[in-house]
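Architecture and fold: a report
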Amino acid sequence: MMRRLILACSLPLIPLLGAANGPQRAPDVVPVAIEIVAMPAEMDVIRQDPAIRDWPVTCHGMSGEEQVLRFALPAGTDRAALSRIFGDTQHPHGAARRYWFAGDRIPARCNVALLNLVLKPKRGQGGTQVDPQLLTAGPRETIAPMADIARKCGFANAAARSFRDGDVAPHPADWRADWATLDAGEKIAPRTGPVGCFRRLSANGARVAPAIPPGIPPTIATTAAWSFDQEPSMCILQRGYGEGSDRINLALREHVGLRRLDVVLGRPKISGEPDNWSGGGKIVLLPSGQTFGGEAVGIDIGGGRQAIRVAADSALLDLLETSNALVVDTGRGPMASLAIDHIAVPRDTLRACQDDVMRGWGIDPQRFRRLTLPGEPDPDNIARYFTAGAYPLDARMSRKTGRVTALIEIAADGHVAKCNVIETSHSASLDKATCDIARTRFHLSTWADAAGRAVTSWRMFAVRWVSP
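Residues numbered from 1 in each chain as written. Predicted model: local features only at pLDDT ≥ 70, side-chain atom pairs only at ≥ 80, totals over all residues. Heavy atoms only, no water.

Attention now goes to the sheet that holds strand 2 (residues 33-38). The antiparallel open sheet is built from four strands, whose spatial order is 3-4-2-5. The open sheet terminates on both sides in strands that have one partner only, identified here as strand 3 (57-63) and strand 5 (96-100). If you compare each strand with its neighbour and ignore which way they point, the axes differ by 15 degrees on average. Here strand 2 runs beside strand 4 (residues 66-72); their pairing, made up of six bridges, is antiparallel. Paired with Ala-38 across the strands is Gln-67, a residue of strand 4. The sheet strands contacting helix 1 (residues 40-48) are strand 2 and strand 4, and the helix crosses strand 2 at an angle near 140 degrees. Sheet contacts for helix 2 (residues 79-86): strand 2 and strand 5; angle to strand 5, the most-contacted strand, approximately 170 degrees. (Pairing = 2+ DSSP bridges. Helix = DSSP H or I, 4+ residues; strand = E, 2+ residues; numbered from the N terminus. Axes fitted to C-alpha atoms, helices over the stretch in contact; angles between N-to-C directions. Contact = heavy atoms within 4.5 Å.)

Moving on to the nonpolar core. One broad trend across soluble globular proteins is that nonpolar side chains are buried collectively. Judged by nonpolar contacts, the single largest core of 40 residues is most densely connected at Leu-250, Leu-252, Leu-316, Leu-320 and Leu-326. Once you skip the residues sitting within four places of it in the chain, Leu-326 turns out to touch Leu-252, Val-263, Ile-283, Val-284, Leu-285, Leu-316, Leu-320, Ala-336, Ser-337, Leu-338 and Ile-340. By size, the runner-up hydrophobic cluster in this structure holds 22 residues, among which are Phe-386, Ile-410, Phe-461 and Val-463. (Core = buried A, V, L, I, M, F, W, Y, C linked by side-chain atoms within 4.5 Å. Buried < 20%, exposed > 50% of the residue type's maximum accessible area, 1.4 Å probe, protein only.)

The share of residues in the protein with pLDDT of 70 or more is 82%, and the mean pLDDT across the chain is 78. Confidence, expressed as mean pLDDT per element, reaches its minimum in the protein at strand 1 (residues 6-7) with 44 and its maximum at helix 10 (residues 428-441) with 93. Residue range residues 116-130 is modelled with pLDDT below 50. Its contacts to residues more than four positions away, or to other chains, number 30 contacts. For the stretch residues 372-377, pLDDT sits under 50, and the model shows 18 contacts to residues farther than four places along the chain or on other chains. (pLDDT = per-residue confidence, 0-100.)

Under the criterion given, the structure shown has four disulfides. Here Cys-59 pairs with Cys-110 through a disulfide, and the sulfurs are 2.4 Å apart. Between Cys-59 and Cys-110 the sulfur-sulfur dihedral comes to about -105 degrees; the bridge is accordingly left-handed. Pair noted here: Cys-59 is in strand 3 and Cys-110 is in the loop between strand 5 and strand 6 (134-138), with a separation of 51 residues, a long-range link. A residue is classified by how much of its surface remains accessible, and Cys-110, at 1% relative accessible area, is buried. Cys-153 shares a disulfide with Cys-197; S-S distance 2.1 Å. In this structure the cystine formed by Cys-153 and Cys-197 twists about its S-S bond by roughly -65 degrees; its chirality is therefore left-handed. Placement of Cys-153 in the loop between helix 4 (146-152) and strand 7 (159-162) and of Cys-197 in helix 5 (residues 192-208) is noted, with a sequence separation of 44 residues between them. (Disulfide = S-S within 2.5 Å.)

Here we take up unusual backbone geometry. A positive phi is found at Arg-399, a non-glycine position, where the angle reads about 55 degrees. Structurally, Arg-399 is set in the loop between helix 9 (393-397) and strand 18 (402-410). For Arg-399, a relative accessible area of 58% corresponds to the exposed category. In the Ramachandran plot, His-426 falls in the positive-phi region, its phi being about 70 degrees despite a non-glycine side chain. Among the structural elements, His-426 can be located in the loop between strand 19 (416-423) and helix 10.

Moving on: the packing of aromatic side chains. One pass over the structure, following the stated rule, counts seven aromatic pairs. Pairing Phe-386 with Phe-442 gives two aromatic rings, centres 6.1 Å apart and planes at 85 degrees, and the pair type is edge-to-face. Separated by 56 residues along the polypeptide, Phe-386 in the loop between helix 8 (365-371) and helix 9 and Phe-442 in the loop between helix 10 and strand 20 (447-448) bring together distant segments of the chain. Here Phe-386 matches Phe-442 in class, with each residue buried. Aromatic rings pair up to connect Tyr-385, Phe-386, Tyr-391, Phe-442, Phe-461 and Trp-465 into one cluster. (Phe/Tyr/Trp six-rings, centres within 6.5 Å; stacked < 30°, edge-to-face > 60°.)

This is the structure:
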């Protein structure tokens, strides 16, 4: 059967919003920053692309229901490289974007006014209008998986259904009554962002997914149920694989407010492995091949066993429901491929735990998420405030070290009004120094309400104190 798809609407193409200010520039002039406007599902793909993964994000905002990210372009980036990255308008990178050049007046905020675009559904023979809720149509086995893409792009009620009287394709000669149709569950014309997101992700989903790395071992299945635990600043899902001395324990530990997820394995220690080590690691989801890279740490926990922790982004959690296995690759010893199933309810429990933790801190979870984008690269470069000279003298003399996680409340003028230690370093002087520096030295980016007025917001940050 032919795998043909028909998109039942046309969307005005916006490959480039152009230079933000100033005159036309020669084609070889190199920009210093780029803003991308896209739906969250597309941003997840864009931010994982190796080509731009290390570009620092200097601003984040909103354009209606779409996100806006401003990236600073690394030194040495040329226009040819940008053309290679952004040249395909059907790729998620083809979302609306604009460049900033040296000498431009770049605003502090990057909220973008909604573009006045109108979707004009095509017409079939005899002038019959296409169903205003119809996203696409094609062979049933092709359409069914695309409902999930539509929902991730913002059409919460999207679902595949059978052809019915009144459905009209843009090209009636190609229409087949045994095809399935994808219904958005609402009129699509007012929602240009979700339509563009759906078009790009569905057209190129196979191409944007990273390749599955070679050498993946057979997946280990389990009948064990997911269990749940909670610590002061994180919520944890756990599951066991196997029995006895060969048992592997998997824990997913999400740090509340930081969009950081630790994937932790408890497993038998490999012969010849150091007791403690650190390096680069990655998590791979199957069958998509989606990869999350981060620091990997191994810790000897006694009894011939070792705990392996790989840091990843919390976006991984949202992809587990459509994955059947999670692969942990530390670059040391064999990879572990563990079956992932029945994850939807445990994942929702994990998120409900996060809400409870934030309420315990005196924060409205919904407002917190609306005013912050946890996990974004730090546009204020908080690390610059923590110099060697800031190390408390008593902690330096006693060689105290540790990691402090703090929650700060940022006033409308950018200063820190409150600071609470959420995860202690177990050193009173390091905990105190962290909040003292935040309250007296930080001056941070602020968030605006719908009217553009700066408002109180919150941020989590973590500092690892290492004795100089």
